Each structure stands twice: as structure tokens, then as C-alpha cells.
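A structural walkthrough
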Amino acid sequence: MAQVKRRRSQVLEYFWALPGCVVGIKACAKAHYWAPAGGLGQNVRLMPPSYGKPYIKRNNADAADAEAISEAVTRHRADEVSRRLASIPGIGPITAMAIAATVPDPSIFRTCREFAVWLGFTPYSHSIGGWENLGRISKQGERYIRHLLYIGAGNAVRFAKARASSREAWIRSLQERRPPKIVIIAPANKMARIA
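In this text the structure is predicted, and so the values were computed from the model without any measurement. (Residues numbered from 1 in each chain as written. Predicted model: local features only at pLDDT ≥ 70, side-chain atom pairs only at ≥ 80, totals over all residues. Heavy atoms only, no water.)

1. So, the packing of helix 7 (residues 143–160) against helix 9 (residues 180–194)
To be explicit about the condition: Each axis is a line fitted through C-alpha atoms, and for a helix only the stretch in contact is used; angles between axes span 0 to 180 degrees, taken between their N-to-C directions. What counts as a helix is a DSSP run of H or I of at least four residues, what counts as a strand is a run of E of at least two, and both are numbered from the N terminus. Oblique is the label for any angle not under 35 degrees, not over 145, and not in the 65 to 115 range, which are roughly parallel, roughly antiparallel and roughly perpendicular in turn. Each crossing is labelled by how the near helix is turned from the far one, with a counterclockwise turn of less than a right angle marking it left-handed and a clockwise turn marking it right-handed. We call two residues in contact whenever any of their non-hydrogen atoms come within 4.5 Å of each other.
Remark: helix 7 packs on helix 9, axes separated minimally by 8 Å, with the N-to-C direction vectors making an angle of 115°. With respect to helix 9, the element helix 7 is oriented roughly perpendicular. Regarding helix 7 and helix 9, the two cross each other, and that crossing is right-handed. For the pair formed by helix 7 and helix 9, the contact residues are Leu-149, Tyr-150, Gly-152, Ala-153, Gly-154 and Val-157 on the first element and Lys-181, Val-183, Ile-184, Ile-185, Pro-187, Ala-188, Met-191 and Ala-192 on the second.

2. As for the environment of Val-117
Tracing the sequence through the fold places Val-117 in helix 6 (residues 112–119). In this structure, the C-alpha to C-alpha distance between Val-117 and Lys-139, residues 22 residues apart in sequence, is 9.2 Å. When neighbours within four sequence positions are excluded, Val-117 is seen to be in contact with Thr-122 and Gln-140.

3. Description of the nonpolar core
How we decide: Remark: nonpolar core denotes a set of buried residues (Ala, Val, Leu, Ile, Met, Phe, Trp, Tyr, Cys) joined through side-chain atoms within 4.5 Å. Using a 1.4 Å probe on the protein chains alone, a residue whose accessible area is under 20% of its type maximum counts as buried, one over 50% counts as exposed, and one in between counts as partly exposed.
Membership of the largest hydrophobic core comes to 29 residues, with the highest contact counts inside it found for Phe-115, Leu-119, Phe-121, Leu-149 and Ala-192. For this core, the elements supplying multiple residues, two or more each, are helix 4 (62–86), helix 5 (93–102), helix 6, helix 7, helix 8 (169–177) and helix 9. Aside from chain neighbours lying at most four places away, what touches Ala-192 is Phe-115, Ala-116, Leu-119, Phe-121 and Leu-149. Judged by nonpolar contacts, the second largest core, of 6 residues, contains Val-11, Phe-15, Val-23 and Ile-25.

4. Comments concerning a positive patch on the surface
For the record, the criterion: Every patch collects residues that have over 30% relative accessible area and no salt bridge, joining them within 9 Å if they carry like charges and within 5 Å if they are nonpolar side chains (Val, Leu, Ile, Met, Phe, Trp, Tyr). We get accessible surface area from the Shrake-Rupley algorithm with a probe of 1.4 Å; when it comes to residues, only the shown protein chains can shield them. Throughout this description, the term salt bridge denotes a Lys or Arg side-chain nitrogen within 4 Å of a carboxyl oxygen of Asp or Glu. Neither His nor the chain ends is counted toward charge; the positive residues are Lys and Arg and the negative residues Asp and Glu. Lysine's charge is taken at NZ, arginine's at CZ, aspartate's at CG and glutamate's at CD.
Where like charges cluster on the molecular surface, the positive patch consists of Arg-136, Lys-139, Arg-143 and Lys-181. Note on placement: Lys-181 falls in helix 9. Classification of Lys-181 as exposed rests on a relative accessible area of 60%.

5. Remarks on helix 9
Because an α-helix completes one turn every 3.6 residues, residues spaced three or four positions apart along the sequence face the same direction. Just so we agree on the cut-off: Helix span, expected: 1.5 Å multiplied by one less than the number of residues in the helix.
If you check helix 9, its first and last C-alpha atoms are 22 Å apart, about what 15 residues at 1.5 Å a residue would give, namely 21 Å. Among the residues of helix 9, Val-183, Ile-184, Ile-185, Pro-187, Ala-188, Asn-189, Met-191 and Ala-192 are the ones counted as buried.

6. Quick look at the packing of helix 6 against helix 9
The line we're drawing: Classification used: nonpolar for Ala, Val, Leu, Ile, Met, Phe, Trp, Tyr, Cys and Pro, charged for Asp, Glu, Lys and Arg, polar for all others including Gly.
Two numbers describe how helix 6 lies on helix 9: the axes approach to 7 Å, and their chain directions differ by 125°. As summarised for this structure, helix 6 and helix 9 are arranged oblique, according to the angle between their axes. Between helix 6 and helix 9 lies a crossing whose hand is right-handed. Contact with helix 6, carried on its side by Cys-112, Arg-113, Phe-115, Ala-116 and Leu-119, involves Asn-189, Ala-192 and Arg-193 of helix 9 and no other residues of that element. Here the residues of the contact of helix 6 with helix 9 are counted per class, giving 5 nonpolar, 1 polar and 2 charged.

7. Considerations on a nonpolar patch on the surface
Together, Leu-12, Trp-16 and Tyr-33 make up an exposed nonpolar region whose accessible area comes to about 400 Å². Relative to the helices and strands, Tyr-33 is located in helix 2 (residues 31–34).

8. Concerning the pairing of strand 1 (residues 22–26)
What counts is decided by this rule: What makes two strands pair is DSSP finding at least two bridges between them.
Going residue by residue along strand 1, you find Val-23 and Ile-25 tucked away on one face and Val-22, Gly-24 and Lys-26 left uncovered on the opposite face. Sheet topology note: the strand 1/strand 2 (residues 43–47) ladder contains 5 bridges and is parallel. Bridge assignment links Lys-26 to a residue of strand 2, and that residue is Met-47.

9. Re the side chain of Ser-82
With respect to the secondary-structure elements, Ser-82 resides in helix 4. By relative accessible area, which is 8% here, Ser-82 ends up buried. When residues no more than four places from it in sequence are discounted, the contact partners of Ser-82 are Ala-96, Met-97 and Ala-100.

10. Observations regarding the packing of aromatic side chains
Basically, it comes down to this: Pairing of aromatic rings covers Phe, Tyr and the six-membered ring of Trp, with a centre-to-centre limit of 6.5 Å; geometry is then stacked below 30 degrees between planes, edge-to-face above 60, and tilted otherwise.
This structure, assessed with the given rule, holds 3 aromatic pairs. Look at Phe-109 and Phe-115: their rings are 5.3 Å apart centre to centre, the planes differ by 65°, and that puts the pair in the edge-to-face class. Assessed through its relative accessible area of 13%, Phe-109 is described here as buried. The class of Phe-115 is buried, set by a relative accessible area of 7%. With centroids separated by 5.9 Å and ring planes inclined at 25°, the aromatic side chains of Phe-115 and Trp-118 adopt a geometry described as stacked. Note that Phe-115 and Trp-118 are positioned in helix 6 at a spacing of 3 residues, about one turn of the helix.

Everything listed here is a matter of coordinates, which is why it stays silent on function.
Put into C-alpha cells, the structure is as follows:
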């Protein structure tokens, strides 16, 4: 969020100079004049004033209004992202909101595997003389999201026995070969890579 004061005559020049970003504008009589800034490569969101009211922290002033609208635009985006994340099996609304709030820009990760590494779902690797020995997971990274994904994966594993879906066949085959906690880590890692 940028807090920049500009005169009305300087606003369009400011939008021209910005790289593409989200611009939140309070929907009022003048908003439709400024909304065409979207043609300048910006993603303009008109927000009704009532959406910004819950986020006003102090007296109603222009700066406080702008901060409230900015917060409303950010939360609105997080809601869209969290709805998509919650559609992944094993990820509920709490986990989805935690991921959306903690990782506002997923492009910081080059691959989905890098996100799983950031969460700490990858095993330690110890290799000597051509032998590679994988140990326990590293547990480095975002602890809260890792915990939520572990709980969701535990439920997916628990209910995999009841469902005869081919999607859960790999979980059932893991249960035959591996200890229970490793069986839970595998779908948690997979859910992290899908998210």
C-alpha cells in the first residue's frame, strides 16, 4: 500500500508511472471519473463506502478513509483466493484463510514444490557415497499453516478407508507400506503443492 499525496491534476500522471497493481477507489460520484485508470494497466476496484466502514480505525478523514478502502480491497481479494483454496480436498476455510493471509503474493515461489519446502514438508537429505537417506521432515518455515495442513491431511487419511475412490487409492497403498505419521505427511505435502 502506497501513501502518496497528489494534487488532482497529478493523479493520472502517477497512474501512468505505476506498474500494474490493484487500485481501490471508494465508489462515490467522482469514482467513475477515476475508474478509467484501469485502461492505464491498473486493476481498479470500486468499493462501496459500506465495505470500508468496518476498517476505519479513527476519525473519518481522507487518509483514514483511504486506508480503510485499501484494507477492504485487500480482504476482498483474500476472500476470493480463500474460496478457491477451500475447494481443495483436505483444506477447509480456516486453512484457506490462513494461506491467503500469510502468502499474499504466491509468485514469490517459483514452483509449487518451493511452497512445500517453505512450509517445511520436505525431508532432510543425508547422502554418503552415493547412498541417499531421507530423514524426518525439516519443520522449518511457516509452522501454523503446516499444522493446519497436517490436520486436514489426517482427516483425508482417516476417511480414505471409507471411500472407495481411485483418488484415495494411493493413500491406502501408503497405509500398507508406511507408518501412520508418514502417511499423513504425504497428502499434506501434496495439498501444499496443489495450493
